[in-house]
Amino acid sequence: MNNIIHVLIINGPNLNLLGTRETNIYGHETLSDLIENMKKQSKKDNISLYHIQSNSEHVLIDKIHSAKNKINYIVINPAAFTHTSIAIRDALIAVDIPFIEVHISNIFARESFRSHSWLSDISQGVISGLGLDGYYWALKTISNRLIHSYQNKSNKKF
Ligand code: DQA
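On a predicted model such as this, the values are computed, not experimentally measured, just so you know.

Quick word on the layout of surface pockets
By volume, the largest pocket is sized at about 170 Å³. Taken together, 17 residues form the lining of the largest pocket, with Arg21, Tyr26, Ala79, Arg110 and Arg114 sitting closest to its centre.

As structure tokens, this is what we get:
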């Protein structure tokens, strides 16, 4: 099975500070460690991984637009934009790429304003509160789903 899955990881504002930011909530691992480890994992799962982190909404929106017809799946931690950005929601709808929403912390167990997400209802699913493991679970889910769908397609030929 040689189908390579192209996955874009999107991290929103302040996640560049992972490892130093509110470590009681977000842990001690840095963003570059996370991405490096995810790249190792993704090779085993036949996934080609791309990553963007930005503190700027328009940069994230432009990146989502440019993913159209190139990326099979998105994993997005929109960070604070989760709770504010109809523009990111619209961009994800516009490109029609399936995505999984990830939060390091449990957004339902924090301040009430964090319980609302503009993305959850249009996502394939939400992982919240599993720490950085949430990103790896998202990748596993994608590889399981897409490998199965490719296998089903190739089975239909026979
Ligand atoms: C976060 C949760 C958001 O509420 C917060 O603004 C973040 C990170 C998380 O990963 O737990 O920046 O998305």
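That shown, we press on.
Quick notes on the nonpolar core
One finds Val7, Ile9, Met38, Val75, Tyr135 and Ile142 to be the most contacted residues of the largest nonpolar core, which totals 26 residues. Listing elements by their share of this core, those giving two or more residues are β1 (5–11), α2 (31–44), β2 (47–53), β3 (73–77), β4 (99–103) and α5 (133–156). If you tally residues by element for this core, the top one is α5, at 6 residues. Look past the residues within four positions of Val75 in its chain and what remains in contact with it is Val7, Leu8, Ile9, Ile10, Ile100, Val102, Tyr135, Ala138 and Ile142. With 18 residues, the next largest nonpolar core counts Ile10, Ile76, Leu92 and Phe99 among its residues.

Focus: the site of the ligand
Surveying the vicinity of the ligand reveals the residues Arg21, Tyr26, Asn77, Ala79, Ala80, His83, His103, Ile104, Ser105, Ile107, Arg110 and Arg114. Contact between the ligand and His103: an oxygen atom at 2.8 Å from a side-chain N or O atom of the residue. Interatomic distance of 2.9 Å between a side-chain N/O atom of Arg114 and an oxygen atom of the ligand. Against a free-state accessible area of 320 Å², the protein chains account for coverage of 99% of the ligand.

Description of the side chain of Ser85
Inspection of the secondary structure puts Ser85 in the loop between β3 and α4 (86–95). Residue Ser85 is classed as buried on the basis of its relative accessible area, which comes to 1%. Of the polar contacts made by the side chain of Ser85, one reaches the backbone nitrogen of Ile88; its length is 2.9 Å. Beyond its immediate sequence surroundings of up to four residues, Ser85 is in contact with Glu57 and Trp118.

Some points on unusual backbone geometry
Of note, the phi angle at Asn14 is positive, near 75°, even though the residue is not glycine. As for its placement among the helices and strands, Asn14 is situated in the loop between β1 and α1 (23–26). Of note, the phi angle at Glu22 is positive, near 30°, even though the residue is not glycine. Considering the arrangement of structural elements, one finds Glu22 in the loop between β1 and α1. Among the residues examined, Glu22 registers a relative accessible area of 40% and is labelled partly exposed.

Cut-offs and rules
- Residues numbered from 1 in each chain as written.
- Predicted model: local features only at pLDDT ≥ 70, side-chain atom pairs only at ≥ 80, totals over all residues.
- Heavy atoms only, no water.
- 1 Å grid on protein atoms, 1.4 Å probe; cavity = no way out; pocket = protein on both sides within 12 Å on 5 of 7 lines; lining within 4 Å.
- Points joined across faces, edges and corners; volume = space filled by probe spheres on them.
- Core = buried A, V, L, I, M, F, W, Y, C linked by side-chain atoms within 4.5 Å.
- Buried < 20%, exposed > 50% of the residue type's maximum accessible area, 1.4 Å probe, protein only.
- Helix = DSSP H or I, 4+ residues; strand = E, 2+ residues; numbered from the N terminus.
- Contact = heavy atoms within 4.5 Å.
- Near = heavy atom within 4 Å.
- Polar contact = N/O pair within 3.5 Å; in protein donor to acceptor, adjacent residues only side chain to side chain.
- Areas by Shrake-Rupley, 256 points an atom, 1.4 Å probe, with all protein chains shown as cover.

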